[in-house]
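# Commentary on secondary and tertiary structure
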Amino acid sequence: MFHSCSEKIETDLTQTAFIPKPVSVEATGSAFVVNSSTIIYVQEGIQGLLPAAEILAKNINQLTGKSVATETVSSAPAKGIYLTVAADGGLAAEGYKLNIGEKLITVEGADAAGCFFGVQTLLQTLPVKVATDQPVYFPTGVVEDHPEFGYRGAMLDVARHFFNVEEVKQFIDFLAMYKMNVLHLHLTDDQGWRIEIKSWPKLTEIGGKTEVGGGEGGFYTQEQYKELVQYAADRQIMIVPEIDMPGHTNAALASYAELNCDGKATELYTGTKVGFSTLCTDKEVTYQFVDDVIRELAELTPGPFIHIGGDESHVTAHDDYVYFVNRVQQIVVKHGKKIIGWDEIANAELVNDVTVQFWDDIENTTMGVQKGAKVLMSPAARAYLDMQYDSTTHLGLHWAGYIEVDHGYNWDPATLVEGVTKDDIIGIEAPLWSETVTNIDEVEYMTFPRLPGYAEIGWTAPAERNWDEYKTRLAKHGKRFEAWGIDYYKSALVPWEE
Ligand code: ACM
């Protein structure tokens, strides 16, 4: 036996526990060994590639203690790692081709997003830890891949409990590792208003001051919010901001007396009831307020969507609700954005290009489709990250049932709701409501290990997914969660590796 540096390392890329599962993986049996002269090259002139290179470099550096450099080039190098965008348009949107050779790794994306996702695939081939005297290498082969749905998201409720900028960035990192591309921020609710609106400053001065349980709450300044938008964009994630209305508005109603029909400000609220608040739908000032909020928010939002909430407006009369949602849609359109709303908004007349977020009501959702809307799939009984795993889970709620890891994984968005087909659906989103979730450790516990499953539902075709095979891949991610310091639920249904 020879034990030299040039000894061939045998590998099998097909054995990597990729999540989400790629369209195709082919192994060529050898290795690309990382050394101190490895350079990550980025194709010149393509917006958005450099952050992917920097994230790849940072991960390699952390694993190896070696510092790999990044460099911009105008043509493909002969060796190293090369991030490039396909010139011929032959790849599906967000798709990529990852070609790992012994000397050269090429991550070719359909676009910068595809390239970023290819980098995430490459990173999953690395071990969690490497002994200092061992080589760090990538197994050789080819991965070709693209997503099933264009919208693959999670929601964080920062209103019931506030999560600061650093915590939201951690959540963004979790999404990025699994090729999710949307973070929906539920920015306002009865218990808190979390985004600075310069034309209505008391929303945060008063409405941002507390949270469920009476803690100190908080809010994002517009500068902090822009920082989050950029941090997400560097990871190919779009932030969808939600202003929930006309219900779920007590924080606004406590901040400004004139938004109430009786002209009296309400008290701040720190409990967890829903459905008791409403903006005054027949006062003009309400629409001035909505216009100002949406205008400022649209200016902070590079993505196409603004989420207008619309759920559980139990104290708004039906006709008032319809009138309000109709007017709010016009305001969002005027500010150049598209509307997403919870499934109740299907009761209004829908403008073009509305997306109804299915969470609860099948009739609302199918009515939305009949009115020409698209659907975002967030069935509470399958996709709510705040639902408990089982009756012993110490956090979370169970009004929509328990969601063990298999139950969260084992469904197909395109067949779950009769009358809603694949063509109607833009994608899936897993919401984390924060009535019971107070800090990032608790976020992690409810999010992991279910999040990778939602990512796979969004990315991988249903014919390629089955729980018995998936659980063996998920089992191998337990060590990753531990290495990342993620506090996760060690479901007995998953054969975790010791
Ligand atoms: C919701 O869970 N109220 C959308």
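Residues numbered from 1 in each chain as written. Predicted model: local features only at pLDDT ≥ 70, side-chain atom pairs only at ≥ 80, totals over all residues. Heavy atoms only, no water.

Of the regular secondary structure elements, the chain holds 15 helices and 17 strands. Here the chain has a C-alpha radius of gyration of 24 Å; the compact-globule value for 498 residues is 23 Å, and the two agree. By principal-axis analysis of the C-alpha atoms, the chain measures approximately 85 × 50 × 45 Å. The buried share of the chain, taken over its 498 residues, is 59%. Look at the contacts in the chain between residues 6 or more apart in sequence, and 71% of them connect residues 24 or more apart. (Helix = DSSP H or I, 4+ residues; strand = E, 2+ residues; numbered from the N terminus. Rg over C-alpha atoms; globule rule 2.2 N^0.38 Å. Buried < 20%, exposed > 50% of the residue type's maximum accessible area, 1.4 Å probe, protein only. Contact = heavy atoms within 4.5 Å.)

Reading across the sheet, the seven strands line up as E1-E7-E5-E6-E4-E2-E3 and stay open at both edges, with mixed pairing between neighbours. Only two strands of the sheet have a single neighbouring strand rather than two, namely strand E1 (24-34) and strand E3 (69-73). Adjacent strand axes in the sheet meet at a mean angle of 20°, parallel and antiparallel pairs treated alike. Here strand E2 (residues 39-43) runs beside E3; their pairing, made up of five bridges, is parallel. (Pairing = 2+ DSSP bridges. Axes fitted to C-alpha atoms, helices over the stretch in contact; angles between N-to-C directions.)

To continue, consider the packing of helix H3 (residues 165-177) against helix H5 (residues 222-234). Across the interface, H3 lies against H5 with an axial gap of 10 Å and an inter-helix angle of 15°. It follows from the interaxial angle that H3 and H5 lie roughly parallel. When you trace H3 past H5, the crossing you get is right-handed. Of the residues in H5, those in contact with Val165, Val168, Lys169, Ile172 and Asp173 of H3 are Gln224, Glu227, Leu228, Tyr231 and Ala232. When its residues are assigned to classes, the contact of H3 with H5 shows six nonpolar, one polar and three charged. (Parallel < 35°, antiparallel > 145°, perpendicular 65-115°, else oblique. Left-handed = near helix turned anticlockwise from the far one by under 90°. Nonpolar A, V, L, I, M, F, W, Y, C, P; charged D, E, K, R; others polar.)

Residues Tyr96, Leu98 and Ile100 line the buried face of strand E5 (residues 96-100), whereas the alternating positions Lys97 and Asn99 sit on a face that is not buried. As judged from the five bridges shared by E5 and strand E6 (residues 104-109), these two strands associate in the antiparallel manner. The residue bridging Lys97 from the neighbouring strand is Glu108, located in E6. Hairpin geometry of E5 and E6 is characterised by an intervening segment of three residues between the two adjacent antiparallel strands. Relative to strand E7 (residues 136-145), E5 runs antiparallel, the two being bridged by five bridges. Within E7, the position partnered with Ile100 by the bridge is Gly141.

What follows deals with the packing of helix H7 (residues 284-299) against helix H8 (residues 318-334). The N-to-C vectors of H7 and H8 enclose an angle of 35°; their axes lie 10 Å apart at closest approach. Considering the relative orientation of H7 and H8, their crossing is right-handed. Seen from H7, the contacting residues are Glu284, Thr286, Tyr287, Val290, Asp291 and Ile294; seen from H8, they are Tyr323, Phe324, Arg327, Val328, Ile331, Val332 and Lys334. Considering only residue class, the contact of H7 with H8 consists of eight nonpolar, one polar and four charged.

Each assigned domain of the chain is listed here: domain 1 (2-145) and domain 2 (151-460). Domain 1 and domain 2 are separated by 36 Å when their C-alpha centres are compared. Facing the 17 residues of domain 1 at the interface are 14 residues of domain 2. Taken together, both faces of the contact between domain 1 and domain 2 bury some 1400 Å²; the carbon and sulfur share is 59%. When the area that domain 1 buries against domain 2 is broken down by residue, the three leading residues are Ile19, Pro20 and Phe117, summing to 37%. The residue Arg152 makes a salt bridge to Glu94 at a minimum N-O spacing of 3.0 Å. Every element with two or more residues in the side of domain 1 that touches domain 2 is listed here: helix H1 (49-64) and helix H2 (112-124). When residues in the side of domain 1 that touches domain 2 are grouped by element, the largest group, seven residues, is from H2. Grouping the constituent residues of the side of domain 1 that touches domain 2 by class yields ten nonpolar, four polar and three charged. (Domains from an automatic or database assignment. Buried area = accessible area lost by both parts, 1.4 Å probe. Salt bridge = Lys/Arg side-chain N within 4 Å of Asp/Glu carboxyl O.)

A rise of 1.5 Å per residue sets the reference length of helix H15 (residues 467-483), with its 17 residues, at 24 Å; its end C-alpha atoms lie 24 Å apart and thus fit the reference within 8%. Taken as a whole, H15 has its buried residues at Trp467, Tyr470, Arg473, Leu474, Ala475, His477, Gly478, Arg480 and Phe481. Buried residues in H15 make contact with H2, helix H11 (405-409) and helix H14 (450-459). Of the residues that open H15, the one with a side-chain oxygen 3.1 Å from the backbone nitrogen of Asp468 is Asn466. (Expected span 1.5 Å × (residues − 1). Polar contact = N/O pair within 3.5 Å; in protein donor to acceptor, adjacent residues only side chain to side chain.)

Applying the stated rule across the entire model yields 30 aromatic pairs. With 6.5 Å between their ring centres and 75° between their planes, Tyr178 and Trp484 make a pair best called edge-to-face. Highlighted residues: Tyr178 in the loop between H3 and strand E9 (182-186) and Trp484 in the segment after H15, separated in sequence by 306 residues. Residue class for Tyr178 comes out buried when judged on its relative accessible area of 0%. Taking relative accessible area as the criterion, Trp484 reaches 35% and is therefore assigned partly exposed. The interplanar angle of 5° and the centroid separation of 4.0 Å between the aromatic rings of Tyr409 and Tyr470 together place this pair among those described as stacked. Here the residue Tyr409 occupies a position in helix H11, and Tyr470 occupies one in helix H15, the gap between them amounting to 61 residues. Each member of the pair, Tyr409 as well as Tyr470, carries the same accessibility label: buried. A connected cluster of aromatic rings, assembled from ring pairs, spans Phe174, Tyr178, Phe448, Phe481, Trp484, Tyr488 and Trp496. The residue whose ring lies beneath Arg152 is Phe117, and the NZ or CZ to ring-centre distance is 5.2 Å. (Phe/Tyr/Trp six-rings, centres within 6.5 Å; stacked < 30°, edge-to-face > 60°. Lys NZ or Arg CZ within 6 Å of the ring centre and 35° of its normal.)

Our next topic: the side chain of Asp291. Note that Asp291 resides in helix H7. Looking at Asp291, its side chain comes within polar contact range of the side chain of Lys334, at 2.5 Å. Among residues more than four places away in sequence, those in contact with Asp291 are Ile331, Lys334 and His335.

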